[in-house]
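# Coordinate inspection notes
Each chain, letter by letter, is given below.
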Amino acid sequence: MSEPAAARLSAIWNGDLAWSFRRSPVALVSALVLFACVAGALFAPWLAPHDPFDLRTLNLQDAFAPPAWLPGGRAQYWLGTDDQGRDVLSTIMYGTRVSLAVGVAAVALSMAVGVSLGLLAGYAGGRVDAVIMRVADVQLSFPAILIALLIDGVARAALPRDAHASAAVPVLILAIALANWVQYARTVRGSTMVEKNREYVQAARVIGIKPLAIMRRHLLPNVLGPVLVLATINIATAIITEATLSFLGVGVPPTQPSLGTLIRVGNDFLFSGEWWITIFPGAALVAMVLSINLLGDWLRDALNPKLR
């Protein structure tokens, strides 16, 4: 490692944020849990005991096998199997991939839309600000899950039946993103209205820098702090929204099961004794979302200079 790179890493490790992270047991445990979930999802093809999508390896005679530590359990199916004979542990790892991908992509898209509109509204003001904020106010009067259901329903009606399955994940990402951009827009607008009156922005205007350049080079870096905290927490919200939509049957198709789809399938057998089909995917969803929320809370406090 080169000396400048080592110096940068040392500065990051000795910085206030890293020091706060090392001193927070909740943040450390949450990071470890989230790391385990992400690693299991990313490396599922190599870590999962079985491939739940390989029909050649499925055997219906293995269906409803209980976890390995219960009577009748099998060592190769540590968390049991579902109604199709798929290993529950493997389906959780593959399902987590879909849930994380949808959540992160939806937050990235909603953040891009919200930050752009918030910068424009805060900097331009006047009618531009009024139009954007009135649209945001109208959207806030509807629950986010309802907006996502509406967008998904429109996509189902507009797309051909055979094309909806392949476009289900992009449509779901778009639906969740459009349901959550308002929070970023309102946060960035407030910060931009404060920052645009500072001396460095006035100086940039005097020397003739164009408004788009001012927003990109000067305002954006100074309003990203609250946005990053909001994005961290909203990843958990997006994952929950995806799981809710999939549980309702309007999310990802059964060929690409997420944690919400697995919980919906297991819910049909919850009271017939096969509780592990829905309990373990539900526990994985809770652990992942809780760790993200706790990390978001820590990041919010760590970036707040009044709490240092």
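Use the structure listed above.
Bear in mind the structure is a predicted one, so any value in this text is a computation, not a measurement. (Residues numbered from 1 in each chain as written. Predicted model: local features only at pLDDT ≥ 70, side-chain atom pairs only at ≥ 80, totals over all residues. Heavy atoms only, no water.)

Bringing the layout of surface pockets into the picture now. Where empty space is left becomes clear once a probe the size of a water molecule has been rolled over the atoms. The computed volume of the largest pocket comes to approximately 260 Å³. Lining the largest pocket are 14 residues; nearest its centre among them are A36, C37, I92, T96 and A284. If you list the elements that add at least two residues to the lining of the largest pocket, you get α3 (25-42), α5 (88-124) and α12 (276-302). Counting residues per element, the lining of the largest pocket draws most heavily on α3, at five residues. Among the residues making up the lining of the largest pocket, the classes are represented as twelve nonpolar, two polar and no charged. (1 Å grid on protein atoms, 1.4 Å probe; cavity = no way out; pocket = protein on both sides within 12 Å on 5 of 7 lines; lining within 4 Å. Points joined across faces, edges and corners; volume = space filled by probe spheres on them. Helix = DSSP H or I, 4+ residues; strand = E, 2+ residues; numbered from the N terminus. Nonpolar A, V, L, I, M, F, W, Y, C, P; charged D, E, K, R; others polar.)

Now for the packing of helix α10 (residues 211-247) against helix α11 (residues 259-267). Remark: α10 packs on α11, axes separated minimally by 7 Å, with the N-to-C direction vectors making an angle of 40°. Judged by the inter-axis angle, α10 sits oblique to α11. Note on packing geometry: the crossing formed by α10 with α11 is right-handed. Contact with α10, carried on its side by A243, S246 and F247, involves G260, T261, I263, R264 and N267 of α11 and no other residues of that element. Tallied by class, residues from the contact of α10 with α11 come to three nonpolar, four polar and one charged. (Axes fitted to C-alpha atoms, helices over the stretch in contact; angles between N-to-C directions. Parallel < 35°, antiparallel > 145°, perpendicular 65-115°, else oblique. Left-handed = near helix turned anticlockwise from the far one by under 90°. Contact = heavy atoms within 4.5 Å.)

With a phi angle near 60°, F64 is a residue other than glycine that sits in the positive phi range. Turning to its location among the elements, F64 is positioned in the loop between α4 (44-47) and α5. By relative accessible area, F64 is classed as partly exposed at 31%. (Buried < 20%, exposed > 50% of the residue type's maximum accessible area, 1.4 Å probe, protein only.)

Using the criterion set out here, one finds two cavities of 30 Å³ or more in the structure. Looking at the largest cavity, its volume works out to about 50 Å³. In terms of lining residues, the largest cavity is bounded by D82, R86, V88, T91, L262, V265, I277 and P281. One number sums up the size of the second largest cavity: a volume of about 40 Å³. Considering the residues around the second largest cavity, the lining is formed by A106, V107, S110, I176, A177, N180, Y184, N234 and A238. Looking at which element gives the most residues to the lining of the second largest cavity, the answer is helix α8 (residues 161-195), with four residues. For the lining of the second largest cavity, a count of residues per class yields six nonpolar, three polar and no charged.

Right, let's talk about the packing of aromatic side chains for a bit. Scanning the entire structure with this criterion turns up seven aromatic pairs. Each ring, one from F21 and one from W298, has its centre 5.4 Å from the other, and the planes form 70°; the classification is edge-to-face. Here F21 is found in helix α2 (residues 16-22), whereas its partner W298 is found in helix α12, with 277 residues between them in sequence. A relative accessible area of 25% places F21 in the partly exposed class. We classify W298 as buried; its relative accessible area is 15%. (Phe/Tyr/Trp six-rings, centres within 6.5 Å; stacked < 30°, edge-to-face > 60°.)

According to the stated counting rule, one finds six salt bridges in the structure shown. Note that R186 and D137 form a salt bridge whose closest N and O atoms lie 2.9 Å from each other. Within this pair, whereas R186 is found in helix α8, its partner D137 is found in helix α6 (residues 126-140), the two being separated by 49 residues in sequence. Judged by its relative accessible area of 30%, D137 falls in the partly exposed class. R198 is paired through a salt bridge with E195; the nearest N and O atoms lie 3.8 Å apart. With a relative accessible area of 13%, E195 lands in the buried category. Salt bridges linked by common partners bring R134, D137 and R186 together as one network. (Salt bridge = Lys/Arg side-chain N within 4 Å of Asp/Glu carboxyl O.)

Function cannot be inferred from these measures alone, as they are strictly geometric.
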